[in-house]
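Analysis of the macromolecular model
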Amino acid sequence: MHRRSSDSINSLDELRSVMAEHERLAARLAVAIRGFEMSGVWGEDGSLSMAAWLRNECRMSGPVATGWLRDGRFLTASPHVAAAAVEGRLSASQVAVMRRVVTPSTVEAFADYEETLVASVEDMNLADTATVCDLYARYPDYSIAIPTEQARLQAAQLVVLLHPVQWYSMPA
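Because the structure is predicted, anything quoted here is derived from the model rather than measured.

Section: the nonpolar core
Core analysis: the largest hydrophobic core is formed by 19 residues, its most contacted members being F74, L75, V81, L90, V95 and M98. Among residues more than four places away in sequence, those in contact with F74 are V81, V95, M98, R99, V102 and F110. Counting residues in each nonpolar core, the second largest holds eight residues, with W42, M50, A65 and L69 among its members.

Here it is, written out as C-alpha cells:
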C-alpha cells in the first residue's frame with residue numbers, strides 16, 4: 001500500500017501534532033476497552049475474556065491486549081489522569097510512570113492527591129515526571145540514600161509528597 005502525499009507528515013511540528021493526537025486517541029481507546037471489558041459484551045461472540053476478544057478480533061498479541069486492559073483499568077480508576085491523557089495534557093509515557101507507582105499500598109494516597117499530581121506534572125518532560133514519581137522504583141527495599149535525596153530535595157523547584165503522612169500528635 002502506497003501512502004498518498006496528503007498522508008505524509010512534512011514537518012516536526014506536524015509530527016508532534018500527529019503524535020499528540022495518537023496519544024489522545026490511545027487514551028480514549030484504553031478507557032473504551034475497559035468499559036467494554038466491564039460490560040461483558042465481548043462474550044457475545046464466544047470469547048472468554050476481553051483480552052481474548054482483542055486477540056481474536058483486533059489481531060493483537062497477548063501482551064499487547066493485556067497492556068491495553070492494564071492502561072484502561074488504570075485510567076478508569078484515575079479520572080484526573082484519564083481526563084488529562086484524553087485532553088493531551090499528559091503523554092502516554094507520563095501516564096505509564098504514574099501507573100507504575102500505584103500499588104495496593106499507595107492507591108489510596110494516589111487517589112487523594114491525583115488531581116494535584118496531574119496539575120504538577122502536566123507541563124513537565126518525562127524525566128521530571130519520573131523524578132516526581134520514582135522514589136518507590138528507586139528504593140524498592142525502602143533503604144533510601146538519605147544524603148542523595150536531601151541533595152535532590154534542595155535542588156528541586158517543586159516537591160510533591162505522595163505518601164500518607166500521619167501525625168502522632170499535633171505539630172508545634
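Describing unusual backbone geometry
If you check the backbone angles, R59 has positive phi at about 55 degrees while not being a glycine. Mapping R59 onto the fold places it in the loop between helix 2 (50-57) and helix 3 (62-77).

Some thoughts on helix 3
Over its 16 residues, helix 3 extends 22 Å from the first C-alpha to the last, a length consistent with the 22 Å expected when each residue adds 1.5 Å. Burial in helix 3 covers these residues: A65, G67, L69, G72, F74 and L75. Buried residues along helix 3 sit against helix 1 (12-39), helix 2, helix 4 (79-86), helix 5 (92-101) and helix 6 (107-121). Its side-chain oxygen 3.2 Å from the backbone nitrogen of V64, S61 forms the N-cap of helix 3.

Overview of the packing of helix 3 against helix 5
Packing of helix 3 against helix 5 brings their axes to within 11 Å, and their N-to-C directions diverge by 80 degrees. By the angle between their directions, the pair helix 3 and helix 5 is classed as roughly perpendicular. Contacts between helix 3 and helix 5 involve R70, D71, F74 and L75 on the former and, on the latter, V95, M98 and R99. For the contact of helix 3 with helix 5, a count of residues per class yields four nonpolar, no polar and three charged.

Calculation rules
Residues numbered from 1 in each chain as written. Predicted model: local features only at pLDDT ≥ 70, side-chain atom pairs only at ≥ 80, totals over all residues. Heavy atoms only, no water. Core = buried A, V, L, I, M, F, W, Y, C linked by side-chain atoms within 4.5 Å. Buried < 20%, exposed > 50% of the residue type's maximum accessible area, 1.4 Å probe, protein only. Contact = heavy atoms within 4.5 Å. Helix = DSSP H or I, 4+ residues; strand = E, 2+ residues; numbered from the N terminus. Expected span 1.5 Å × (residues − 1). Polar contact = N/O pair within 3.5 Å; in protein donor to acceptor, adjacent residues only side chain to side chain. Axes fitted to C-alpha atoms, helices over the stretch in contact; angles between N-to-C directions. Parallel < 35°, antiparallel > 145°, perpendicular 65-115°, else oblique. Nonpolar A, V, L, I, M, F, W, Y, C, P; charged D, E, K, R; others polar.

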